[in-house]
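Results of the structural survey
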Amino acid sequence: MQSYRFSNLLGATYKGGSVLFTPDGNNLLSPVGNRVNFIDLVQGRTVTLPAESSCDITILALSPDGKLLLTIDKSGRAHLVNFARGSILSRINFKVHVESARFSPNGMFIAVTHGRKLQIWRAPTLKVGWQFVKHQQTTCGHQDDIVDIAWADDSLFV
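Residues numbered from 1 in each chain as written. Predicted model: local features only at pLDDT ≥ 70, side-chain atom pairs only at ≥ 80, totals over all residues. Heavy atoms only, no water.

Moving on to the sheet that holds strand 2 (residues 27-32). A sheet is described by the order of its strands in space; here four strands give the open sequence 1-2-3-4, paired in antiparallel fashion. Looking at strand neighbours, the two that pair on one side only are strand 1 (20-21) and strand 4 (45-48), the edges of this open sheet. (Pairing = 2+ DSSP bridges. Helix = DSSP H or I, 4+ residues; strand = E, 2+ residues; numbered from the N terminus.)

So, in structure tokens, the structure goes:
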């Protein structure tokens, strides 16, 4: 008996969501439905990561070292994925539609926005068992929805 491994998603098209490059600039990540396509721009290959979500993925965030990938779907369910292996390390449900998510430049924090709120989480690591740990309280009081996040180079300010 032969076993097969899913490697590529054919016929699906890009439906929206964030598209991003890996830190070396040679690869492109894009959500295609409830999965993530990894496009090697140098070799001209496309591979679909095995991890999948229950809804269409809208947000992608890659850690600065390129080892962790955060995917968030339309309903607010997030998966932390080991980018090299494609396996899910942790899950969290934000329970609302998330507008944006970014790793800090030093890789220690993840900022997530939904509506008029900004949450900062400690990035999951092996020391905390790949669990999301809230770093500080939710920041509220903005006049309008927060649609994008930018970190300062020293990771002290959002």
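Before going further, it helps to examine the pairing of strand 3 (residues 35-40). Counting buried residues in strand 3 gives five out of six residues, a clear majority hidden from the surface. Where strand 2 folds back onto strand 3 in an antiparallel hairpin, the turn is made up of two residues, including Gly 33, whose phi is positive at roughly 65°. Of the strand pairs in this sheet, strand 3 and strand 4 are connected by four bridges, and their pairing is antiparallel. Paired with Asp 40 across the two strands is Arg 45, which belongs to strand 4. What sits between strand 3 and strand 4 in their antiparallel hairpin is a turn of four residues, with Gly 44 showing a positive phi close to 75°. (Buried < 20%, exposed > 50% of the residue type's maximum accessible area, 1.4 Å probe, protein only.)

This brings us to the sheet that holds strand 9 (residues 100-103). The four strands are arranged 9-10-11-12 in an open sheet whose pairing can be described as antiparallel. Taken across any chain shown, the strands that pair with only one partner, and hence form the sheet edges, are strand 9 and strand 12 (133-134). Bridge count between strand 11 (residues 117-122) and strand 12: two bridges; the pairing is antiparallel. Within strand 12, the position partnered with Arg 122 by the bridge is Val 133.

Opposite charge on two side chains makes pairing possible when the charged atoms of those side chains draw close. This structure, assessed with the given rule, holds four salt bridges. Note that Arg 45 and Asp 40 form a salt bridge whose closest N and O atoms lie 3.8 Å from each other. Judged by relative accessible area, which is 49%, Arg 45 ranks as partly exposed. For Asp 40, a relative accessible area of 11% translates into the label buried. The shortest N-O distance in the salt bridge between Asp 56 and Lys 74 comes to 3.8 Å. Taken together, the positions of Asp 56 in the loop between strand 4 and strand 5 (57-62) and Lys 74 in the loop between strand 6 (68-73) and strand 7 (77-82) put the pair 18 residues apart, joining distant regions of the chain. (Salt bridge = Lys/Arg side-chain N within 4 Å of Asp/Glu carboxyl O.)

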